[in-house]
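Close look at the chain arrangement
Here is how the chains run, residue by residue.
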Amino acid sequence: MTEIKNKKKNICPNCGRIWDFVKGQEHCPNCLCQIHKEDDLGEWCGGTLEPVSVWIKDDGSWQIVQRCRLCGEMRTAEMTGQDSPIKVLSIASKPMSAP
């Protein structure tokens, strides 16, 4: 007897990649973009958060710095093991002043 589990899928708004839902990961593991759901005032934005830099916290965990293409708000997102190391390193090598 085979059990088929329904897994929630995510579709990237930027590159179109489809990946399995992982709790706590809202960004695409391929291009590191995600939908900007709410701005800092709690209003719906709907823009695309694109990666502009990475930073390493004091505890050693890596964060992706993202900026919304629509409203310009900046946020951070926790990196996961599924994230593309090539994309992460290419972002890390760019200066934040010229994203």
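Residues numbered from 1 in each chain as written. Predicted model: local features only at pLDDT ≥ 70, side-chain atom pairs only at ≥ 80, totals over all residues. Heavy atoms only, no water.

**Here's the deal with unusual backbone geometry**
This is how it is decided: Here a strand is any run of E in DSSP of at least two residues, a helix any run of H or I of at least four, and the numbering for each starts at the N terminus. Remark: exposure states derive from per-residue accessible area (1.4 Å probe, protein chains only) relative to the maximum for the residue type, with buried under 20%, exposed over 50%, and partly exposed in between.
One non-glycine residue, L32, adopts positive backbone phi at about 70 degrees. Relative to the helices and strands, L32 is located in the loop between β2 (18-20) and β3 (34-35). For L32, a relative accessible area of 0% corresponds to the buried category.

**Some words on the sheet that holds strand β5 (residues 62-68)**
Selection rule: A pair of strands is considered paired only if DSSP assigns at least 2 bridges between the two. The criterion used for residue contact is that any of the two residues' heavy atoms lie within 4.5 Å. In this analysis an axis means a line fitted to C-alpha atoms, helices contributing only their contacting stretch, and an angle means the value between N-to-C directions, from 0 to 180 degrees.
Strand order in the open sheet made by the four strands is β3-β4-β5-β6, with antiparallel pairing throughout. The sheet is open, and its two edges are formed by β3 and β6 (74-78), each paired on a single side. Two strands pair when backbone bridges link them, and β3 and strand β4 (residues 48-56) are joined in this way by two bridges, in the antiparallel orientation. When the sheet's bridge partners are listed, Q34 is paired in β4 with L49. On the sheet, helix α1 (residues 85-92) packs against β4 and β5 and is oriented at approximately 75 degrees with respect to β4.

**Thoughts on a nonpolar patch on the surface**
Defined as follows: Residues enter patches when their relative accessible area tops 30% and they take part in no salt bridge; the joining distance is 9 Å for like charges and 5 Å for the nonpolar side chains Val, Leu, Ile, Met, Phe, Trp and Tyr. The method behind every accessible area is Shrake-Rupley, applied with a 1.4 Å probe, and residues are considered shielded solely by the protein chains displayed. Note on definitions: salt bridges are taken to be side-chain nitrogens of Lys or Arg within 4 Å of carboxyl oxygens of Asp or Glu.
Together, I56, W62 and L89 give the surface a local cluster of nonpolar side chains, amounting to about 290 Å² of exposed area. For W62, the location among the structural elements is in strand β5. Residue classification places W62 among the partly exposed residues on the basis of a relative accessible area of 32%.

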